[in-house]
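Chains, contacts and geometry: an overview
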Amino acid sequence: MDEPDGGRPGLLAAAERLVAAWERRFGSSEPHPATVPDPARLAHAWEDFGRRMEDHYPFFHPRYAGQMLKPPNPVAAAGYLAAMLINPNNHALDGGPGTSALELEVLAALVGMFGLPERTLGHLTSSGTIANLEALWVARELHPNKRIVHSQAAHYTHARMCKLLGVQASAVPSTPDGRIDLDAVSDECRRGDVGTVVLTLGSTGLGAIDRIDQALALRERYDVRLHVDAAYGGFFTLLADGSEPLVDPAPFAAVRACDSVVVDPHKHGLQPYGCGAVLFADPTVARLYRHDSPYTYFTSEERHLGEISLECSRAGAAAAALWLTLQVFPLERDDGLGAILAACRRGAQRLGAVLAGSERLTPHVAPELDIVTCFARERSLTRIDSVSARMLADGMADRTDPLFLSLLTVDAPAFRTLHPGVQTDAPAARIVRSVLMKPEHEHATDWLAARLEALAAG
Ligand SMILES: *Cc1c(COP(=O)(O)O)cnc(C)c1O
């Protein structure tokens, strides 16, 4: 077989060749004429489609530092394409014999990365939302009449999914730098009706890391379960050891003692959308999924992933893409995915340091991962809010040198603690947030800082 060179065109062509070779093994099968597109209609649709696609922001480019968005690595795209053309369904081994095996391997890799027990049970999901839903569902099944506690800085999905599940959820405050307030969690646990505490390893707003290491004591004292939402930050585990860890090691090391973990390969795992994961340290939770539908096509005694998942049909292509990616970019600190994340982390540290010396901008908090936040040096929240909104709009509208940012709403009490000089004349203000989740951002920090300054100057 021709070896693709790692570039996208070569890899996508190699995916097509791989599938064509597989198809040939079964003899020729001409497509039914009804499935062949009319050339004129196709040409028109394709042209129209091209125009519709122009509307997107340049997610691939360092200019895009807005939300948690970037394209998949070409290796993931090729793995996805090849498997998707075959289209296995990882619901059952009969639906995706090959890709189910790949899914088990990538799960073992994720379990190994977090240092969770070898018998950890888990599977891929279509998103972090569904993965968290599943973890909260298991939390409810194990403690049917108890509350779930999360922080105000936790992803909004937790409050919403608890409502969906009919579980009482309590949001405790987060500290001004975005971490769960563990004293407040203790107070809740002391009431005796808390079943599970949700901890966030890398909050969506600030990339804040909850002190999971300190939360372990709650588990001992109050017999609560701990669920870690590491949808965004999970892969930074790779940077948490070595002589110079790039992230605070203790909270990451503590994940191995928690009950369930969610991580999103479609965020920092180089994957296209449609790839989350949920892991349960106690494999006996599998019993909660038991069902006996008359139409399942489970034909073997081996465990089918559909037997331990709330979702039924799932793209085998997602498992294939992640598996192929991890062969090429392994879950290691100094190589593969670790090297990519390290560049993002260094970029954020560097931009944070440059902004700390800025005369026009103030960093909001020191970045813990790769999300950098700042605001214009203005006297009041009202002024800060309007300058942030203007920076967002001007950055995006600039024809020659655009910069795509995002905004984060910060409430007045956090400002009073972190930035006491600012007049809190409003309940909250929007500040500027940039997610440096592309390694290319590492070498764009001086440009980024200069652009931010220029935008703040107006
Ligand atoms: C993104 C995110 C989610 C939601 O995951 P999706 O994959 O977008 O559904 C949940 N929790 C955290 C911390 C996140 O960053």
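For the structure, check the block above.
Note that this is a predicted model, so its numbers are computed, not measured.

Looking only at helices and strands, one finds 15 helices and 11 strands in the protein. Whereas a compact globule of 458 residues would reach a radius of gyration of roughly 23 Å, the protein reaches 24 Å, a difference of no more than 12%. A principal-axis box enclosing the C-alpha atoms of the protein has dimensions of 75 × 60 × 45 Å. Here the protein holds 458 residues, and the buried ones make up 51% of them. Accessible area of the protein: about 21,400 Å², with a carbon and sulfur share of 53%. Separation of charge centres in the protein, based on 43 positive and 56 negative side chains, amounts to 5 Å.

Spatially, four strands are ordered β8-β9-β11-β10 in an open sheet, and the strand pairing comes out antiparallel. In this open sheet, the two edge strands, each paired with only one partner strand, are β8 (361–363) and β10 (406–411). Geometrically, the sheet is characterised by an average inter-axis angle of 40° between neighbouring strands, direction not taken into account. Relative to strand β11 (residues 428–435), β10 runs antiparallel, the two being bridged by six bridges. What sits directly across from T409, in β11, is R430. Along the sheet, helix α13 (residues 381–397) makes contact with β8, β9 (371–376), β10 and β11, crossing β11 at roughly 35°.

Taking 1.5 Å per residue as the helical rise, helix α15 (residues 445–457) with its 13 residues ought to reach 18 Å, and the 18 Å between its terminal C-alpha atoms agrees with that figure. Buried-residue contacts for α15 involve α12 (336–356), β8, α13 and β11. After α15 finishes, the residue G458 shows a positive phi value of roughly 80°.

This part covers the side chain of D264. Topologically, D264 is positioned in the loop between β6 (260–263) and α10 (265–268). Only 2.9 Å separates the side chain of D264 from the backbone nitrogen of G128, close enough to count as a polar contact. Setting aside anything within four residues of it in sequence, one finds D264 in contact with S127, G128, A230, A231, F235, G269, C275 and G276.

This part is about the site of the ligand. In the neighbourhood of the ligand, 13 residues make up the surrounding shell, with T129, D229, D264, H266 and K267 lying closest. Contact distances for the ligand include 2.8 Å between an oxygen atom and a backbone N or O atom of G128. Here the ligand has 380 Å² of accessible area as a free molecule, and 88% of this is covered by the chains. Those elements that place two or more of their residues in the shell around the ligand are α5 (128–142) and α10. With three residues, the top contributor of residues to the shell around the ligand is α5. In the shell around the ligand, the residues fall into two nonpolar, eight polar and three charged.

Time to look at the pairing of strand β5 (residues 225–230). Among the six residues in β5, six count as buried, and that is most of the element. Covered by surrounding structure in β5 are R225, H227 and D229 together with L226, V228 and A230, the residues of both alternating faces. Pairing of strand β4 (residues 194–200) with β5 involves five bridges; the strand directions are parallel. Bridging across to β5, T200 finds its partner in D229. Following the chain from β4 across helix α8 (residues 212–222) to the adjacent parallel β5, one finds a crossover that is right-handed. When β5 meets β6, the two strands line up parallel, connected through four bridges. The partner of H227 across the bridge, within β6, is S260.

Let us now look at the side chain of H266. Looking at the secondary structure, you find H266 in helix α10. A relative accessible area of 11% places H266 in the buried class. Reaching out from H266, the side chain makes a polar contact with the backbone nitrogen of G274 at a distance of 3.0 Å.

To continue, consider the pattern of salt bridges. Evaluation of the coordinates by the stated rule reveals 22 salt bridges. Linking R333 and D334 is a salt bridge whose minimum nitrogen-to-oxygen distance equals 3.2 Å. Relative accessible area serves as the criterion here: at 24%, R333 is assigned to the partly exposed category. According to the relative accessible area criterion, D334 is exposed, its value standing at 65%.

Looking now at the sheet that holds strand β2 (residues 147–151). Within the open sheet, the seven strands sit side by side as β1-β7-β6-β5-β4-β2-β3. Their pairing is mixed. The open sheet terminates on both sides in strands that have one partner only, identified here as β1 (121–125) and β3 (169–172). Strand-to-strand twist across the sheet, computed as the mean angle between neighbouring axes with direction ignored, equals 20°. Packing against the sheet, helix α4 (residues 97–114) makes contact with β1, β6 and β7 (276–280), and its axis sits at approximately 115° to β1.

This part covers unusual backbone geometry. Of note, the phi angle at N87 is positive, near 65°, even though the residue is not glycine. Secondary-structure assignment places N87 in the loop between α3 (74–86) and α4. You can call N87 exposed: its relative accessible area is 56%. Backbone geometry at D223 places phi at a positive 55°, although glycine is not the residue there. Examined against the element boundaries, D223 turns out to sit in the loop between α8 and β5.

Once that is clear, we can look at the nonpolar core. Membership of the largest hydrophobic core comes to 59 residues, with the highest contact counts inside it found for V185 and V197. Residue contributions to this core peak at six residues, all from α4. Setting aside anything within four residues of it in sequence, one finds V185 in contact with V149, V172, I180, V197 and L218. Counting 24 residues, the second-largest nonpolar core is a separate cluster that includes V198, A231, V278 and L288.

Cut-offs used in this document
Residues numbered from 1 in each chain as written. Predicted model: local features only at pLDDT ≥ 70, side-chain atom pairs only at ≥ 80, totals over all residues. Heavy atoms only, no water. Helix = DSSP H or I, 4+ residues; strand = E, 2+ residues; numbered from the N terminus. Rg over C-alpha atoms; globule rule 2.2 N^0.38 Å. Buried < 20%, exposed > 50% of the residue type's maximum accessible area, 1.4 Å probe, protein only. Areas by Shrake-Rupley, 256 points an atom, 1.4 Å probe, with all protein chains shown as cover. Lys, Arg positive; Asp, Glu negative; His and termini not counted. Charge placed at Lys NZ, Arg CZ, Asp CG, Glu CD. Pairing = 2+ DSSP bridges. Axes fitted to C-alpha atoms, helices over the stretch in contact; angles between N-to-C directions. Contact = heavy atoms within 4.5 Å. Expected span 1.5 Å × (residues − 1). Polar contact = N/O pair within 3.5 Å; in protein donor to acceptor, adjacent residues only side chain to side chain. Near = heavy atom within 4 Å. Nonpolar A, V, L, I, M, F, W, Y, C, P; charged D, E, K, R; others polar. Right-handed = clockwise from strand over helix to strand, strands pointing away. Salt bridge = Lys/Arg side-chain N within 4 Å of Asp/Glu carboxyl O. Core = buried A, V, L, I, M, F, W, Y, C linked by side-chain atoms within 4.5 Å.

Honestly, that's just the spatial picture; any functional story needs more than this.
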